[in-house]
Amino acid sequence: MLHDLRHGVRGLLKAPGFAAVSILTLALGIGANTAVLTLARAVFVNPLPFNDPDRLVAISERRPSSRTANIPISGREFAAWREQNRVFDDIALSHPSGLNLTGRGEPEAIHAIEVSANYLPMLGVSPAFGRGFADGETRVAILSDPLWRRRFAADAGAIGRTITLNDQSYTVIGVLRPLPKSLTPDLILPLDVAEQIRAVGRHNLSAFARLRPDATLDDARADLSAIADRLAIQMPRDNTGHGVAVTPLRDELVGEFRRASWLMVVAVGFVLLIGCANVANLLLARGANRQREIAIRAALGAGRARVIQQLIVESLVLAMLSGAAGLLMSAWIIDLIPKLSAVNIPLLETARLGWSGLLLAVAISLITGVAAGIVPALRSSYVRPGWLRESHQVSDDRHGRMLRDALVAAEVGLTLVLLIGSGLMITSFARLVAVDPGFRTSDVLVVPLDLPATRYAEAYQRRDFFDRVIGSIEALPGVQSAGAISHLPLGGADNWMPFRVVGRPDPAPGQEPYAPFRVATPHYFTALAIPLRGGRLFTDGDARQSVPLIRWFPQQPYPAGYDKPQAAPVAIVSETAAKQFWPGSNPIGQRIRVMFSPDVTIVGIAGDVHHNGLDLPSYPHIYLPHNQEPLSSVSMVVHATVPPSQLAPAVRERIRAADHELPIAVKTMADVISTSVGRARLYAAITAVFGAVALLLAVVGIFGVVSYVAAQRTREIGVRMALGAQRREILTLVVGQGMRPIAVGIGLGVLTAISVTRFMGKLLFQVTPLDPMTFAVVTALLVVVAILACWIPARRATHVDPLTSLRAE
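This structure is a prediction, so every number in the text was calculated from the model and none was measured.

The helix and strand tally for the protein chain stands at 24 helices and 22 strands. Taken across its 809 residues, the protein chain has 52% of its residues classed as buried. In the protein chain, of all internal contacts separated by at least 6 residues, the share reaching a separation of at least 24 is 82%.

This is the structure:
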């Protein structure tokens, strides 16, 4: 074996061109497969960093009236599940929260979650030092490891110190052990569970539970469904028709990425197979040139098995060198992918090569070496009479040609499948970004702001602050208009609420219409160029309420002096809302009632906006005026005639002049659009890269095979030309014979693509998996490239000197 290894290495050194092409070809396939499988293992296979993670589940609601699959739960449902369930060891709550961290360095907007006291113990996560929450505890915080290192320089003395969140002091009681960044908020705060249970109708909580050892998912679903039925009887107004979804925690985190991951695994597998077919053809050609060497080995006593062993070892040497290069490539890919801004896949950042990755690369290399070398070894090890004659020339019989053509056909077929998949993803992405979002996307600056409740507790304080800031920004040179919205389009958030249409019979419990509600300032629609389809927009003259109109607690009256609104509340509905909730009639002047608010009059109809994603339909939206429903968290939008990058410093200055402790993060609406389509862009880019690599490998393979065949037929071509054959005829002959297996491969590729691409349906937008245009364009592209790859060596063959060929004969 050592002798075979030494001989294999010497053989590669003697043929550096062959070695370089083969190693690069296989390295691309091995590196891509190692990287993708390592990333997939980190996301879908490696255990979650929690105690006994397979028993952890996420619980959410399902409602027939809501278009969202899984929606948050209410405190009442949590209380019922906690008291009545028979399948869980424990149930915990969480609620996301955006806060401003001030007092230590620059103000910073951070992501926090409020959790019940049993949340961390249920997950099996304990602080690295310090302690967890106690029941009923408030104004304490547990820091994440990154925030602790960033704000406290990893000082263990941070325990017991205070931090300022939204102008309120919180005592640090613990620091979490390092966890994956995608699973860890900046800090964790205690949740007032009792207050959430009292909030009738407020569905804004996430629930997680740990199954008992003897309970299954089906047991949990059946148990919670029975409790939901009882709640519907007890609280028909709030819970009729509410279903329950119980999902394994890993599926809740990464389930939506599973189909895309499988497609990536299949794609890199095809790249590796194409590489193997390419190298196998090169080895066949090399084996044909070694016929006399193999015949000498056989004459000296080497059996066929011994020759096959020698050739397989040489193939394995080639594969292991390729594996070493591929391992370096995979390490680069694994380090790069999580850093891409378009990637937001939980647990992806935990991927590491390590020893398991090294073993994976070795295994793929060994399999690749055998797969690429076994057929050429079997073919080349067969010794025929006459090979020892000194005058023997390299020959290629019918079986050799059939084998070579089969490899070319397989290579072309696999390439076509990858190119069609890539074409579908690129077409889907192109159509996605071509969708009109319903609002202005260029020359718009976006500034999210979150006012602390301590300094802006009253409605008039929040309203006056934004009125003052927006007015000062609109006075800047070049600014056309400025406004604010509670939920920015394509921002990934919504606020679904039930409402009633005044004057219609009360709907049956659970059948109330639902719609997302957003709060906007008067000039918001102008800043984003959202068209007015009817009625009017909000104005500064709309009634200014001193308390929010929409209340969660009907038992709490308005403060003294505000028992009745100062003027009629108003709202604007979207086109889809007008058609869905007032079919065949004009909603202008109609009234709705939201929760326990006074009647709200519809005064305008705004154009539809793709709030939730360019690939999703325009949901029915209802807008309330910020004057009447002043919120603390909004996103300001500024339209200007000057570039946003030039305007950003002046906008920051105006906001800091109003409140210097607010964290200010400025971006453009183009950035928002880009982020919203980031995942689709990533999928299109990755498949495009795989398709391009496959096409390059196919071109190299076709070129190499046709060049080899043309070189073998040099004397024949010379004789033909001496007997009167024209160069055009020789060119047609060589190209035609080269295109035969390509035509077979294209036919097989089309049939395979029809079967494979149907699994891509959920990843595509406005493109069917069998889109005829994509199939036709990609097939035509491959045909043109294949003809070119055949034409170049064929043209070279036409320059053979006939006299030289006749003298040789």
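Moving on, we come to the nonpolar core. Phe 690, Ile 702 and Ile 742 are the most contacted members of the largest nonpolar core, which totals 69 residues. Contributing elements (two or more residues each) for this core: helix 2 (16–44), helix 10 (258–289), helix 12 (304–336), helix 14 (398–433), helix 20 (678–712), helix 21 (714–722), helix 22 (727–756) and helix 23 (772–797). Not counting residues within four places of it along the chain, the set of residues in contact with Ile 742 comprises Val 408, Val 412, Ile 702, Ala 786 and Cys 790.

Inspection of every chain in the model, using the stated rule, returns 10 aromatic pairs. An angle of 75° between the planes, with centres 6.2 Å apart, marks the rings of Tyr 119 and Phe 208 as edge-to-face. Taken together, the positions of Tyr 119 in helix 4 (residues 119–123) and Phe 208 in strand 10 (residues 203–211) put the pair 89 residues apart, joining distant regions of the chain. The exposure classification of Tyr 119 matches that of Phe 208, with both residues buried. Here the aromatic cluster, defined as three or more aromatic residues joined through ring pairs, consists of Phe 499, Phe 517, Phe 581 and Trp 582.

Positioned with a positive phi, Arg 139 is a non-glycine residue whose angle comes to about 55°. With respect to the secondary-structure elements, Arg 139 resides in the loop between strand 5 (127–130) and strand 6 (140–143). Residue Asp 167 is not a glycine yet carries a positive backbone phi of 70°. Inspection of the secondary structure assignment puts Asp 167 in the loop between strand 7 (162–165) and strand 8 (168–176). Note on Asp 167: relative accessible area 23%, which makes it partly exposed.

Tallying each qualifying case throughout the model produces 19 salt bridges. Here Glu 137 ties to Arg 131 by a salt bridge, and the two come within 2.5 Å at their closest N and O atoms. The partner of Asp 464 in a salt bridge is Arg 463, with the nearest N and O atoms 3.7 Å apart. Assessed through its relative accessible area of 31%, Asp 464 is described here as partly exposed. For Arg 463, a relative accessible area of 8% gives the class buried. Sharing partners across several salt bridges, the network here consists of Asp 167, Arg 455, Asp 659 and Glu 661.

Let us now look at the packing of helix 22 against helix 23. Helix 23 packs onto helix 22 with a crossing angle of 155° between their chain directions and a minimal axis gap of 9 Å. It follows from the interaxial angle that helix 22 and helix 23 lie roughly antiparallel. For the element pair helix 22 and helix 23, the recorded crossing hand is right-handed. Counted together, Leu 731, Val 734, Val 735, Gly 738, Met 739, Ile 742, Ile 746, Val 750, Ala 753 and Ile 754 of helix 22 and Phe 775, Thr 779, Leu 782, Val 783, Ala 786, Ile 787, Cys 790, Trp 791, Ala 794 and Arg 795 of helix 23 form the full contact between these two elements.

Bringing the pairing of strand 8 into the picture now. Both strand 5 and strand 8 contribute to a ladder of 3 bridges, which runs antiparallel. The residue of strand 8 that forms the bridge with Phe 129 is Val 175. One ladder, built from 4 bridges, connects strand 6 with strand 8; its direction is parallel. Paired with Ala 141 across the strands is Val 172, a residue of strand 8. Of the strand pairs in this sheet, strand 7 and strand 8 are connected by 4 bridges, and their pairing is antiparallel. From the neighbouring strand, Thr 162 faces strand 8, where its bridge partner is Thr 171. Two successive antiparallel strands, strand 7 and strand 8, enclose a turn made up of 2 residues, where Asn 166 displays a positive phi of approximately 50°.

This part takes up the packing of helix 2 against helix 12. Relative orientation of the contacting elements helix 2 and helix 12 amounts to 45°, with a least axis distance of 6 Å. Viewed along their axes, helix 2 and helix 12 adopt a mutual orientation that is oblique. The way helix 2 lies across helix 12 gives a crossing that is right-handed. For the contact of helix 2 with helix 12, the class distribution of residues is 16 nonpolar, 8 polar and no charged.

As for its position among the elements, Ile 73 is in strand 2 (residues 73–74). Since its relative accessible area comes to 0%, Ile 73 is described here as buried. The spatial distance from the C-alpha of Ile 73 to the C-alpha of Ala 207 is 7.4 Å, given a sequence separation of 134 residues. Apart from residues lying up to four places away in sequence, Ile 73 is in contact with Ile 59, Ser 60, Glu 61, Phe 78, Trp 81, Leu 93, Arg 202, His 203, Asn 204, Leu 205 and Ala 207.

All right, on to the confidence of the model for the protein chain then. Of the residues in the protein chain, 89% reach a pLDDT of 70 or more, and the chain-wide mean stands at 83. Every residue in residues 551–565 scores below 50 in pLDDT, and together they form 25 contacts with partners more than four places removed in sequence or on other chains.

A word on a nonpolar patch on the surface. A cluster of nonpolar side chains, namely Met 320, Trp 355, Leu 358, Val 362 and Leu 366, defines an oily patch on the protein surface of about 470 Å² accessible area. For the nonpolar patch, the element with the most residues is helix 13 (residues 354–380), which contributes 4 residues. By the element assignment, Met 320 lies in helix 12.

The rules behind each value
Residues numbered from 1 in each chain as written. Predicted model: local features only at pLDDT ≥ 70, side-chain atom pairs only at ≥ 80, totals over all residues. Heavy atoms only, no water. Helix = DSSP H or I, 4+ residues; strand = E, 2+ residues; numbered from the N terminus. Buried < 20%, exposed > 50% of the residue type's maximum accessible area, 1.4 Å probe, protein only. Contact = heavy atoms within 4.5 Å. Core = buried A, V, L, I, M, F, W, Y, C linked by side-chain atoms within 4.5 Å. Phe/Tyr/Trp six-rings, centres within 6.5 Å; stacked < 30°, edge-to-face > 60°. Salt bridge = Lys/Arg side-chain N within 4 Å of Asp/Glu carboxyl O. Axes fitted to C-alpha atoms, helices over the stretch in contact; angles between N-to-C directions. Parallel < 35°, antiparallel > 145°, perpendicular 65-115°, else oblique. Left-handed = near helix turned anticlockwise from the far one by under 90°. Pairing = 2+ DSSP bridges. Nonpolar A, V, L, I, M, F, W, Y, C, P; charged D, E, K, R; others polar. pLDDT = per-residue confidence, 0-100. Patch = residues over 30% accessible without salt bridge, like charges linked within 9 Å, V, L, I, M, F, W, Y side chains within 5 Å. Areas by Shrake-Rupley, 256 points an atom, 1.4 Å probe, with all protein chains shown as cover.

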